[in-house]
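Remarks on the overall topology
What follows is the residue order along each chain.
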Amino acid sequence: MKFLGRYIRFAIQLLRGHMHYIVQFFLLAVIAVVPFILIGKLYFPYISGKAYVFRSLVAIAFFFWTLLLIRDSSILRGVKQSFRNILVVAIILFFLAQFVAAFFGVDPVYSLFSSIERADGVLQYGFWVLYFLMFVSVFREKRDWKMFFSVFTVVAVALSGYSWFNHESQFQLYGVFGNPAYFAAFLLFAIGFSLLVFERKFFYPGPVHYAFAGAAGFFILTLIFTQVRGVYVGFAGGFLLFSLLAALFLRQQNKKLVLACGGILLFGLVSLGILFAAKETEFVQKERLLYRITEVTEIWEKGSTRERLLNWSIALKAFKERPIFGYGLENYGAAANKYYDYRIGVEEPWFDRAHNQFFDTLATGGIVVFSAYLFWLLIAALFIFKIAKQQRVLGFLLASLLFAYFLQSLFLFDLMAVYLGLFPFLAFLIYASSTSGADTAGKQNTNYPAQGWSASGGKIANTRYLALVPAALISFAIIYFTAVVPYKANAAGLQFFAYTENGFYKESEPFLEEAFRINSPYTYWEVRKRAGWQLASVMDYGVNEDTDPGKIEEIKRLYELMAPELERFSEAKPYDPQMYYILSRMYRLGSNKLGFDDLDKAESVLKKGFQYSDRRVEYYNEFAQTLLAQGKAEEAERVVKEYAQRAVYFGEAFPYVTLGHFYFVSGQYEKAFEQYEKARDVGYEFFERGLEYNRYMFVAQEVKAYEEIIDMAKAFIARWGNDADSYFNIAVGYFYLGDKEQAKGFFLKAIEADPERYSEHEFKPLFLEGG
């Protein structure tokens, strides 16, 4: 024991005087490293890898922070004082409210650990709270914040530069965040922080000072090309608030600033007016960026706007059902399943977020968590008010940034990209409010308290050094159980996906077994779900009459491994909406294509699923296919008809489309086409969705409806632009209608649009000679 204490004491002496900076280093590493993490060997590489690295860095920082608290009594006193800071208390209360609500939700484990796709959850938020507490305790001086803002700005410049470098493959810039909305939310804070540095004159005078203003302009330009309209609203709202505050309170002291803000506002309003006036012009329609801005006026016609409005309605229904604690954090998907609306998820039916932080919090946390959320927002606003009383421009900038966050939260939800800026922002509010009586741009005390040994002047006893042992064990455990173990399961699951995707079914089996064997609450059920999706896809698209019998046996082996695991999944997590569909689909395909006798199981699983949602079209479509496979065609048709008639609240066209799809699957193409035409008569646009467009074109060809083929293909081109396949379909339609000249012309357009595919097409002589 004495030797251990002596060894630890010796190591500390080597670090003496630098512990403060070591903690800062790892906290800044979260900003400097995590956004760039992209691990292609994982499911959701833009998200999961970032989460694993973030947790590891926080755990390492926690160890050195513990050492700092032991060595520096002033830091320890500061931490104790921070627990009396109302903003710190508000953040902790919000975390505790989520923790309590999780145990009253429908799936507490999922609330705590979330999914691979989101890498969020109550415990992940706990990591951010710890990060926040450490940040508050070691970023206490002007030089600390000068360093932080510099690092954040440099990182944001690098991320923005990377996104522009890859802009040809990114129609909407997203950098290494994988989603333009995430990147745009991060850029909001980058803009605010770079302007704070410029306003505080941290590097004044000199070119670096003006470089921060240039960086802000670069971030604004990058944000525009993310094409995320919700963040546009946040940025515009923040700028408008700053302009109004400047006009009200700074018009005497800083007329140039007020005039500049007014000029920019006027220019922006005039530009928007011109843009919306010209929204129907060909130029605006063809420019994706401009078109995305103007289409917000088509509230119900466009999917993204409609989906948000309907999701908000579902969130309110969920809140009314569970008003106290809600469904539990991360469990919005269960509510969305119960109150499912077909119009929300035509392209992505498994929504797990309300796409509004406030409605999402209401639905998943009830009034308890929602009140805690509003509480910390209110406290942050009061801190800014206090700052603004002493330093108006600084206060106005902070108010604008908080308001921008508030507005973009109406269309997005909090996640890592937001937290990377949000928690340092809140920590800065504490710092700035504590120094609001002084000029934070001026000279401040930058000498840290002596990091000697103890307040009493003597060396710390060995027993205090030994307190580092549990800290080290905790840090190691955090890294191992929250990063290393889930990483292994995630990587093994993706290896299974990669091998099966390429037809190496036997070789994939060890990876599936490894993923199943790893017992981590972060991945245990998730890898089973992902593997289930993949195996169902393999059976659906990779098994036919030409498949090698040896491959069939390999797939059977995977099926036998998978089925019991997914059965346990459906029993353990009954509120998961996807599992009923995955398991029933796997049973049906296993019976139809592999020779298993599991159709009764497929039917039973879906009947259980109906108990949690009697509205979801995916359940009814799968149920109908199961009945058809059992030879119960009349019952299947009756079930679909009853559902379609009952679900007319999804829209006038929904019954026709649903019934048409049933007839398509059952091979009754004339009936399918009849229903599709009824849907078109009431305004349904099949060309908006790839699967439905292809089905319509297929049945139209089967029933020789060539005029309708031409009309639909032309509508598709008008909506989406040049498309070789659509030109070819038009050519075929005209050919069979006897208009050989038109057929030739559109076939030549198909060749022009895709020469590699159509220049040597087998029908080429027919079209060209016919012309």
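Residues numbered from 1 in each chain as written. Predicted model: local features only at pLDDT ≥ 70, side-chain atom pairs only at ≥ 80, totals over all residues. Heavy atoms only, no water.

A word on the packing of aromatic side chains. What the rule picks out here adds up to 95 aromatic pairs. Measuring from centroid to centroid gives 5.2 Å for phenylalanine 149 and phenylalanine 428, while their planes differ by 70 degrees, and the two rings are edge-to-face. In this pair, phenylalanine 149 is assigned in helix α8 (residues 142–165) and phenylalanine 428 in helix α19 (residues 416–434), connecting sequence segments 279 residues apart. Here phenylalanine 149 matches phenylalanine 428 in class, with each residue buried. Ring geometry for phenylalanine 358 versus tyrosine 373: centroids 5.3 Å apart, planes at 70 degrees, classification edge-to-face. Judged by its relative accessible area of 10%, phenylalanine 358 falls in the buried class. (Phe/Tyr/Trp six-rings, centres within 6.5 Å; stacked < 30°, edge-to-face > 60°. Helix = DSSP H or I, 4+ residues; strand = E, 2+ residues; numbered from the N terminus. Buried < 20%, exposed > 50% of the residue type's maximum accessible area, 1.4 Å probe, protein only.)

Right, let's talk about the packing of helix α17 (residues 357–390) against helix α18 (residues 392–408) for a bit. Running from N to C, α17 and α18 point in directions that differ by 170 degrees, and their axes come no closer than 8 Å. Judged by the inter-axis angle, α17 sits roughly antiparallel to α18. The element α17 and its partner α18 pack so that their crossing is left-handed. Here Phe358, Tyr373, Trp376, Leu377, Ala380, Ala381, Ile384, Ile387, Ala388 and Gln390 of α17 come into contact with α18, specifically with Arg392, Leu394, Gly395, Phe396, Leu398, Ala399, Leu402, Tyr405 and Phe406. (Axes fitted to C-alpha atoms, helices over the stretch in contact; angles between N-to-C directions. Parallel < 35°, antiparallel > 145°, perpendicular 65-115°, else oblique. Left-handed = near helix turned anticlockwise from the far one by under 90°. Contact = heavy atoms within 4.5 Å.)

A separate point is the layout of surface pockets. A volume near 1,000 Å³ is recorded for the second largest pocket. Broken down by secondary-structure element, the contributors of at least two residues to the lining of the second largest pocket are α23 (524–542), α25 (577–594), α27 (617–629), α29 (654–665) and α31 (690–702). Considering only residue class, the lining of the second largest pocket consists of 16 nonpolar, eight polar and 10 charged. (1 Å grid on protein atoms, 1.4 Å probe; cavity = no way out; pocket = protein on both sides within 12 Å on 5 of 7 lines; lining within 4 Å. Points joined across faces, edges and corners; volume = space filled by probe spheres on them. Nonpolar A, V, L, I, M, F, W, Y, C, P; charged D, E, K, R; others polar.)

By the definition in use, this model includes 31 salt bridges. Arginine 118 is the partner of aspartate 352 in a salt bridge, and the nearest nitrogen-oxygen pair spans 2.7 Å. One end of the pair, aspartate 352, is in the loop between α16 (332–338) and α17; the other, arginine 118, is in the loop between α6 (108–113) and α7 (122–138), with 234 residues separating them in the sequence. Accessibility classification places aspartate 352 together with arginine 118 in one group, the buried group. For arginine 638, the salt bridge identified is with glutamate 642, shortest N-O distance 3.4 Å. With arginine 638 and glutamate 642 both in helix α28 (residues 633–646) and four residues apart, this pair spans about one turn of that helix. (Salt bridge = Lys/Arg side-chain N within 4 Å of Asp/Glu carboxyl O.)

These values are about where atoms sit, not about what they do.
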